[in-house]
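# Structural characterization, general
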Amino acid sequence: MKDLKQTENSGRLIIVAYRLPFKIVRENDQVQLFQNSGGLVSAVLSLVNEQEDSMFKSDDKIQWIGFSENTREELEGQSLANDSFQAHPVFINDDVNENYYEGFCNNLLWPLCHYFPSLARFDDAYFEAYQIANKLFFEKLDEVIQPGDVVWVQDYQLMLLPEMIRQKYPDNKIGFFFHIPFPSFELFRMLPVKWRKALVDGMLGADVVGFHTNDYVEYFLKAARLVSGYGNKLHYINMSNRIVKVDSFPISIDFGKFNNSYNDPEVALARSEARESLKEKIIFSVDRLDYSKGILHRLNGFKRFLEQYPEWHERVSFVMVVVPSRDTIEQYQNMKMDIDQTVGAINANFGNIYWQPIIYQYRSMSYSELVGMYTASDVALITPVRDGMNLVCKEYVASRQDVKGILILSEMAGAAAELGEALIINPLDNQGIADAIEEAFKMPEKEQIKRMTAMRERIRDYDVFAWTNDFFTQMIMLEQEHERLKQV
Ligand code: ADQ
């Protein structure tokens, strides 16, 4: 991979994503901005730094276009910038946003891309709102963009946007990254022809279209061929007047941050408190409330473990944290009730007054609590039935400066393609989960260290900064690389 720093760019970086990079809190007619600590925010910050040869000039703030939860009136006259970002809020009225975000994005694209077609709802009003909302993002970008600016569009909420930008701004560099699984064609073709064509053509407005894994790339290339008639050669699609590169860029995390947190006093305290108050073996899981995360499957696997391996009774604590998400939607409320009931039944049937097998929390965690639990636990149990990547497993591995702990990981997570040293399970196989837990509990320390070392090296080498660098390098070097391949 060529280093991005050898390339030049005179323009600014514009990110377009559904969410802004900070939370806007209004108090007494003033706004306060609380910057998100998520991966994307720190990743893009690494592209703008003090060094002379960095790709974007550090005196230019990163321009960030995203949906505003506040109304236009509430933000009138307020400065929406901090040292790094200048935010440009997009205002979408409630009716449109309901059909766009709740509807097309979360009631259709999300279940379809996560292989839950029976949950997908098809509604013309959804698609209409999706088009309107993408156009609103475009109109905001239209006010902001300048010649030479590089635009990076994020995720399934904005699949139509790259083409809208390309039509008016043929010379700007545009990247698109898709954070969830791109489904196999048999799933994708469930979308009406007009919609699927609009989505594929929309994404192909970009110079580089990125996914987490090679499988998603292959599925997209097939869709591009069957839906819009574009073939490809070595992942390059030749459009009439330009080329598009479709490739995999497995998103990662800030390895250094998690690795270096091991000895933070707050993390160390959280770790020792967990170890003191919990049983001999600790299993940990954390995820947003979502049917794709396989929370009920995980509980069933753990139940099977308790049934089959009674020698571990009173010696294991399973700490399961579920972060509230989309809980205004009925489906999610029902799922929450099922989880509550299943946890209650397992604890009632197997526990006693001295031992509660599952410690279940429905809340968010602070960073030090999270890393405290990552580093206190013997096993991280990660069982999505589908997940674009899954960052929790990478965070777990990066946090283990002590090179111990065992990762049990679903083969349905994008991350499984990179983390082959985990105990890989099928989340639908209760017995497989039960056996993996038993295997983990018995695994000799030497074996744990061997597996953990290999996974840590891989994540250290390809952290979130390498991910960003890789994506932008491919975008900037696109034409040269294409020319070079033609000569080979
Ligand atoms: P998500 O579905 O949100 O992301 P994931 O990749 O696991 O899933 O990221 C979750 C993030 O939230 C992690 O950074 C984790 O630390 C944090 N988190 C989880 N539970 C928390 C809690 N209780 N308190 C605080 N923080 C918590 C989508 C896709 C994924 C893809 C990412 C990035 O669905 O497949 O990996 O985008 O592309």
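One structure accompanies this document, and this report is about it. Residue indices follow the written sequence of each chain, beginning from 1 at its first position. Residues qualify for local features only when their pLDDT is at least 70, as the model is predicted, and side-chain atom pairs are given and counted only at 80 or more; totals for whole chains, interfaces and linings, by contrast, use all residues. Side-chain metrics in this entry use all non-hydrogen atoms of the structure; hydrogen atoms and water are not considered.

### Things to note about the site of the ligand
For this description, a residue counts as near a given molecule or strand if any of its non-hydrogen atoms is within 4 Å of it. In the neighbourhood of the ligand, 21 residues make up the surrounding shell, with H179, V323, M365, D387 and E395 lying closest. Side-chain atoms alone can form a polar contact between residues adjacent in sequence; in general such a contact is a pair of N or O atoms within 3.5 Å, and within protein one must be able to donate a hydrogen while the other accepts it. Taking S364, its side chain carries an N or O atom lying 3.4 Å from a nitrogen atom of the ligand. Side-chain polar atom of E395 to an oxygen atom of the ligand: 2.5 Å apart, as the coordinates give it. With the chains in place, 79% of the 720 Å² that the ligand exposes on its own is no longer accessible. Going through the elements one at a time, β11 (281-288), β12 (316-323), α13 (367-376) and α14 (392-399) are the ones with two or more residues in the shell around the ligand. Areas reported as accessible are Shrake-Rupley estimates using a 1.4 Å probe. Residue values count occlusion only from the protein chains shown. Going along the chain from the N terminus, every DSSP run of H or I of four or more residues is numbered as a helix, and every run of E of two or more is numbered as a strand.

### What about the layout of surface pockets?
For each structure, a 1 Å grid was placed over the protein atoms alone; sets of points admitting a 1.4 Å probe that cannot get out are labelled cavities, open sets with protein on both sides within 12 Å along at least five of seven lines are labelled pockets, and lining residues have an atom within 4 Å of a point. Grid points are joined across faces, edges and corners, and a volume is the space filled by probe spheres set on the points. Within this model, the second largest pocket holds a volume of roughly 340 Å³. Forming the walls of the second largest pocket are 18 residues, and the residues nearest its centre are R166, P170, D207, N241 and R242. Put simply, the parts of the chain that give the lining of the second largest pocket at least two residues each are α5 (161-168), α7 (193-203) and α18 (478-487).

### Quick word on the packing of aromatic side chains
Ring pairs are drawn from Phe, Tyr and Trp, using the six-membered ring of Trp, whenever the two centres fall within 6.5 Å, and their geometry is named by plane angle: stacked under 30 degrees, edge-to-face over 60, tilted for the rest. What the rule picks out here adds up to 34 aromatic pairs. An aromatic cluster of three or more residues is present, and its members are Y18, F67, Y100, Y101, F104, F127, Y130 and W195. Note that R315 overlies the ring of W312, its terminal NZ or CZ placed 4.0 Å from the centroid. Two conditions define a charge located above a ring, namely a distance within 6 Å from the ring centre to NZ of Lys or CZ of Arg, and an angle within 35 degrees of the ring normal.

### Section: the side chain of S410
Relative to the helices and strands, S410 is located in strand β15 (residues 406-410). Each residue is placed in one exposure class: buried if its accessible area under a 1.4 Å probe, protein chains only, is under 20% of its type's maximum, exposed if it is over 50%, and partly exposed if it falls in between. By relative accessible area, S410 is classed as buried at 0%. Within the local environment of S410, its side chain forms a polar contact with the backbone oxygen of P384, the two atoms lying 2.7 Å apart. Among the polar contacts made by the side chain of S410, one reaches the main-chain amide nitrogen of M412 at a distance of 2.9 Å.

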